[in-house]
Amino acid sequence: MKRVIIVGMGFGGIRAARELAGKGMEVVMLDRNNYHLFQPLLYQVATAALEQESIAYPIRAMARRWPETRFRLAEVCGVDLEGKRVMTSEGPMEYDYLIVSAGSETNYFGMTSIAEHAYDLKKLEHAETLRNQILGLFERAVKEHDPAKRRAMLTFVIVGGGPTGVEFSGALVELVRYVLAKDYPELSITECRVMLVEASGSILISQPENLRKYAVDRLRRMGVEVLLNTAVSDAAPEHVIFKDGTIIPTHTLFWSAGVKAAPLAGVLDLPKAGGGRIKVKPDLTVEGHPEVYIVGDMACCEQDGAVLPMVAPVAMQMGSYAGKSILARQAERELPPFRYKDKGSMATIGRSSAVASAFGFHLSGYLAWMAWLGLHLMYLVGFRNRILVIMNWGWYYLFHERQVRLITMQESGPPKCTWK
Ligand SMILES: Cc1cc2nc3c(=O)[nH]c(=O)nc-3n(C[C@H](O)[C@H](O)[C@H](O)COP(=O)(O)OP(=O)(O)OC[C@H]3O[C@@H](n4cnc5c(N)ncnc54)[C@H](O)[C@@H]3O)c2cc1C
């Protein structure tokens, strides 16, 4: 039986495994985590809307339903392309076919001070850290008598006007206005600032002009300070500095202004493109190695003169294609080149408000929001997770409450008694 190794059980990896399961191949799935993570909802964990468990799903639970697949919890450190071996923390593993879908990491474009002080959202633990930071600062602000220091604690700077920055800033301002304002009667809501900083002249650049304008207007009405044509150039623990020299006192800089290929791409001796992504051929294999497929955020694949974006639908379609392509080759057939079918894009802004564009249709407001909710529920893995998410969303919609307002770790450790 031929062995396929899949590295990374994110959006691309699970689609490939699903395609290959029970089709006469031995499928070995590798990931450093034992769960599949639904990254698009990480910001809701960070803003106390969802429990972290509800956006992750154990890979072994999926494997139960997929015949001839098995999972190994392992860190992949490299690939011996000539010897057809994957080097892992559990030792080398041989393959006949390899699918690499190890995703991406945050790109700080070499700005070390920002990398050192910024928060990002790529992993489950990042979301919990960010939630602890936000709620921890409110607790500290209650005890702070200096208004300037208190204001710095309650200022949140979000960099990057893509979907993650927009969704996070909308969710954060709603958390502050509707939930934390009730939890912290000692604090004035007007002291809190949520700033969305975007270097270009527009947010949500993949959306049409009317929807971008809607998003900016809506965020501003909700209380987010949207700063366009503004770039952050430096950061320290208690302030950020804009390119024009403006200093914003803050303890929280959230960076969502760029991604690059996961570090594993760097150790593979294969041609790279921008952001360290690996150049793939139209069938998603790499030059000189027809048995190696790169899919998802790690792959640089051109279509109609443009590079495909690093988004979940691209990863899912690539993963399915790689699986189908291997099966076709086993049956001595060839598939036509990979072709991404763009079904549109969307971003939520706040309660009852989102933007969506697909097949020439532009939607904003409640209808777009309902479409966003439906689509995210559909792609979330696990029936129980869907129920939990619906319950949390329903609770928030009806009562304006977010239940997961837990500080699970404090920056300076738990409070200590210093008197005797
Ligand atoms: C906060 C956030 C919000 C997003 N919102 C949206 C959205 O609204 N819509 C959208 O379409 N896309 C969104 N995306 C992008 C989307 O999540 C990615 O495009 C998608 O996850 C890429 O899939 P992938 O399979 O390439 O990688 P991933 O889903 O990232 O999976 C990679 C997997 O590889 C594993 N891995 C990595 N390196 C190793 C290693 N060395 N050894 C072992 N395992 C390894 C990881 O643990 C992970 O499980 C968002 C991303 C983030 C971070």
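For clarity, every value in this text was computed on a predicted model and none was experimentally measured. (Residues numbered from 1 in each chain as written. Predicted model: local features only at pLDDT ≥ 70, side-chain atom pairs only at ≥ 80, totals over all residues.)

(A) Region of the structure containing the pairing of strand β8 (residues 91-94). Looking at chain direction, strand β7 (residues 85-88) and β8 are connected through four bridges and run antiparallel. From the neighbouring strand, Arg-85 faces β8, where its bridge partner is Glu-94. (Pairing = 2+ DSSP bridges. Helix = DSSP H or I, 4+ residues; strand = E, 2+ residues; numbered from the N terminus.)

(B) Main features of the nonpolar core. Leu-284 and Val-355 are the most contacted members of the largest nonpolar core, which has 125 residues in total. Counting residues domain by domain, this core receives three or more from each of domain 1 (3-32 + 74-106 + 259-330) and domain 2 (117-257 + 344-399). (Core = buried A, V, L, I, M, F, W, Y, C linked by C-beta atoms within 7 Å. Buried ≥ 20, exposed ≤ 12 C-beta atoms within 10 Å, placed from the backbone. Domains from an automatic or database assignment.)

(C) Representation of unusual backbone geometry within the structure. You will see that Leu-284, though not glycine, has its phi angle at about 70°, which is positive. Among the secondary structure elements, Leu-284 is positioned in the loop between β19 (278-279) and β20 (285-286). With 23 C-beta atoms packed within 10 Å, Leu-284 lands in the buried category. We note that Phe-359 has phi near 50°; this positive angle belongs to a residue other than glycine. Considering the arrangement of structural elements, one finds Phe-359 in the loop between β26 (353-358) and β27 (361-365). Judged by local crowding, Phe-359 falls into the exposed class, with 7 C-beta atoms found within 10 Å.

(D) Region of interest: the environment of Ser-320. By the element assignment, Ser-320 lies in helix α10 (residues 312-330). Exposure remark for Ser-320: the 18 C-beta atoms within 10 Å place this residue in the partly exposed category. As a C-alpha pair, Ser-320 and Arg-15 span 305 residues in sequence and 5.1 Å in three-dimensional space. Beyond its immediate stretch of four places on either side in the chain, Ser-320 contacts Arg-15 and Glu-19. (Contact = placed C-beta atoms within 7 Å.)

(E) A look at the sheet that holds strand β21 (residues 289-294). Read across the sheet, six strands follow the order β5-β2-β1-β9-β21-β20 without closing on themselves; strand pairing throughout is mixed. The open sheet has two edge strands, β5 (69-73) and β20, and neither has a second partner. Looking at chain direction, strand β1 (residues 3-7) and strand β9 (residues 97-100) are connected through four bridges and run parallel. From the neighbouring strand, Val-4 faces β9, where its bridge partner is Tyr-97.

(F) The environment of Glu-334, seen in detail. Looking at where Glu-334 falls in the secondary structure, it is placed in the loop between α10 and β25 (345-350). Judged by C-beta crowding, with 10 C-beta atoms within 10 Å, Glu-334 ranks as exposed.

(G) Structural view of the site of the ligand. In the region of the ligand, 33 residues are neighbours, and Gly-8, Gly-10, Gly-12, Gly-103 and Gly-296 sit closest. Elements that contribute at least two residues to the shell around the ligand include exactly α1 (11-20), β2 (26-31), α2 (42-46), α7 (163-183) and α10. Grouping the amino acids of the shell around the ligand by side-chain chemistry returns 18 nonpolar, 10 polar and five charged. The residue makeup of the shell around the ligand includes at least three contributed by each of domain 1 (3-32 + 74-106 + 259-330) and domain 2 (117-257 + 344-399). (Near = placed C-beta within 6 Å. Nonpolar A, V, L, I, M, F, W, Y, C, P; charged D, E, K, R; others polar.)

(H) View of the environment of Val-7. You can see Val-7 is positioned in strand β1. The buried category is assigned to Val-7, around which 26 C-beta atoms lie within 10 Å. Along the primary structure Val-7 and Glu-75 are separated by 68 residues, whereas in three dimensions their C-alpha atoms are 9.2 Å apart.

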